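Letter by letter, the chains look like this.
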Amino acid sequence: MSAFVWPEANPGFVSEISPPEDVESAWHFVFVGNEIAQRFDQNGQWLPFTEADAAMIAGLDHVSHYMGRIGDRHCFAVDAKALQDVPVSGLRSLFGHTDNLMFGLASRAVQVVEWYRTHQFCGRCGGRNREHDRDRAMVCDDCGIHAYPRLSPSMIVLIHRDNQVLLARNHRFPEGMYSTLAGFVEPGESVEETIRREVKEEVGVNVHNLEYQGSQSWPFPNSLMLGYLAEYESGDIVLQEDEIADAAWFDGDNLPSIPGKVAISRWLIDLWLSRRGLPVEP
Ligand SMILES: [Zn+2]
């Protein structure tokens with residue numbers, strides 16, 4: 001049995017704003033709206049467009065944003081008005097068909113194109129924005145405000161008690177699937193306060209001994225998920241019924257259907273299993 005290692009989201013990636021003059025090797029993450037172009041290899045693994053597709057991309061009505069590079073490979077987020085002959089679908093279509101690096105880049109790309117698309121005008125004075133020369137920011141020259149890509153901090157927490165974890169399912173989950181609890185940080189709150197508030201609201205219990213474990217960019221639409229383990233303190237499960245369809249304690253060696261390996265919810269579960277000396281699926 002191997003101990004769980006928290007995944008790195010962007011191994012080897014260097015974030016930059018301006019592309020070099022000559023791009024020999026490239027990955028293009030192409031979106032129509034917030035849906036990503038669907039191309040897969042023969043093993044069902046999702047593929048970005050590459051330098052071989054440069055002419056096709058140039059022929060699109062599109063905006064391209066340079067994101068940075070991995071070694072000599074340059075990464076672009078492409079916002080296209082339409083795509084011919086290639087279907088598009090939401091980013092969840094990549095689950096199970098890609099690794100953490102590629103999902104992390106696609107996550108970055110969709111947030112960059114959405115930010116740029118929705119910040120053409122100043123939110124304060126209505127002036128026309130322009131791109132900042134050196135930063136990923138939109139600038140209003142009329143009033144001086146800068147608009148950076150927006151992130152919404154959120155907490156995600158695995159509640160544990162001895163050999164059990166508390167997992168819940170909301171009404172939108174696939175049949176039978178349970179996961180950890182999550183929620184957005186409100187203005188003025190610390191993440192720890194969010195955790196205690198959301199856990200109490202959603203499942204009625206109190207938690208303590210919060211332990212931060214790591215984070216993940218979660219592009220639905222722009223969360224930064226801060227992952228915690230929390231120990232159960234007191235209270236019985238009481239569901240917030242408009243959000244939570246069911247919640248229950250599960251033994252570590254008898255878990256229900258849980259999210260796949262690309263999600264931070266799964267990393268928290270695997271981390272806890274590993275700590276308890278229970279088997280972690282490779
Ligand atoms: Zn302005």
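It should be emphasised that the depicted structure is a prediction, and the values quoted were computed from it without experimental measurement.

Cut-off values and rules
- Residue numbers restart at each chain and count upward from 1, following the sequence in its written direction.
- Where totals are concerned, whole chains, interfaces and linings use all residues; where local detail is concerned, this predicted model gives features only for residues with pLDDT of at least 70, and gives and counts side-chain atom pairs only at 80 or more.
- Numbering of helices and strands runs from the N terminus, with a helix taken as a DSSP run of H or I at least four residues long and a strand as a DSSP run of E at least two residues long.
- Throughout, radius of gyration means the C-alpha value; the globule benchmark is 2.2 Å times the number of residues raised to the power 0.38.
- Partly exposed residues are those whose C-beta has more than 12 but fewer than 20 other C-beta atoms within 10 Å; with 20 or more the residue is buried, with 12 or fewer it is exposed, and the C-beta atoms are placed from the backbone.
- Here the contact rule is simple: place C-beta atoms from the backbone, and any two residues whose C-beta atoms are within 7 Å are in contact.
- What fixes the domain bounds is an automatic or database domain assignment.
- In this description, strands pair whenever DSSP reports at least two bridges between them.

**Describing the overall build of the protein chain**
Next, step 1: Helix and strand counts for the protein chain stand at 4 helices and 16 strands.
Next, step 2: Taking 282 residues into account, the globule formula puts the C-alpha radius of gyration at 19 Å, and the protein chain, at 21 Å, falls close to it.
Next, step 3: Expressed as lengths along the three principal axes of its C-alpha atoms, the size of the protein chain is roughly 60 × 50 × 30 Å.
Next, step 4: Taken over 282 residues, the protein chain has a buried fraction of 30%.
Next, step 5: Of the contacts made within the protein chain by residues no fewer than 6 positions apart, 66% connect residues no fewer than 24 positions apart.

**Considerations on the domain arrangement of the protein chain**
Next, step 1: Under the domain assignment, the protein chain is made up of domain 1 (13-118) and domain 2 (152-275).
Next, step 2: Placing a centre on the C-alpha atoms of domain 1 and another on those of domain 2 gives a separation of 31 Å.
Next, step 3: Counting residues at the interface gives 11 residues for domain 1 and 6 residues for domain 2.

**Some thoughts on the sheet that holds strand β9 (residues 138-140)**
Next, step 1: Within the open sheet, the 3 strands sit side by side as β8-β9-β10. Their pairing is antiparallel. Every other strand in the sheet has two partners, leaving β8 (129-131) and β10 (146-147) as the edge strands with one partner each.
Next, step 2: Where β9 meets β10, 2 bridges bridge the pair, whose relative direction is antiparallel. Bridged to Val-139 within β10 is His-146.

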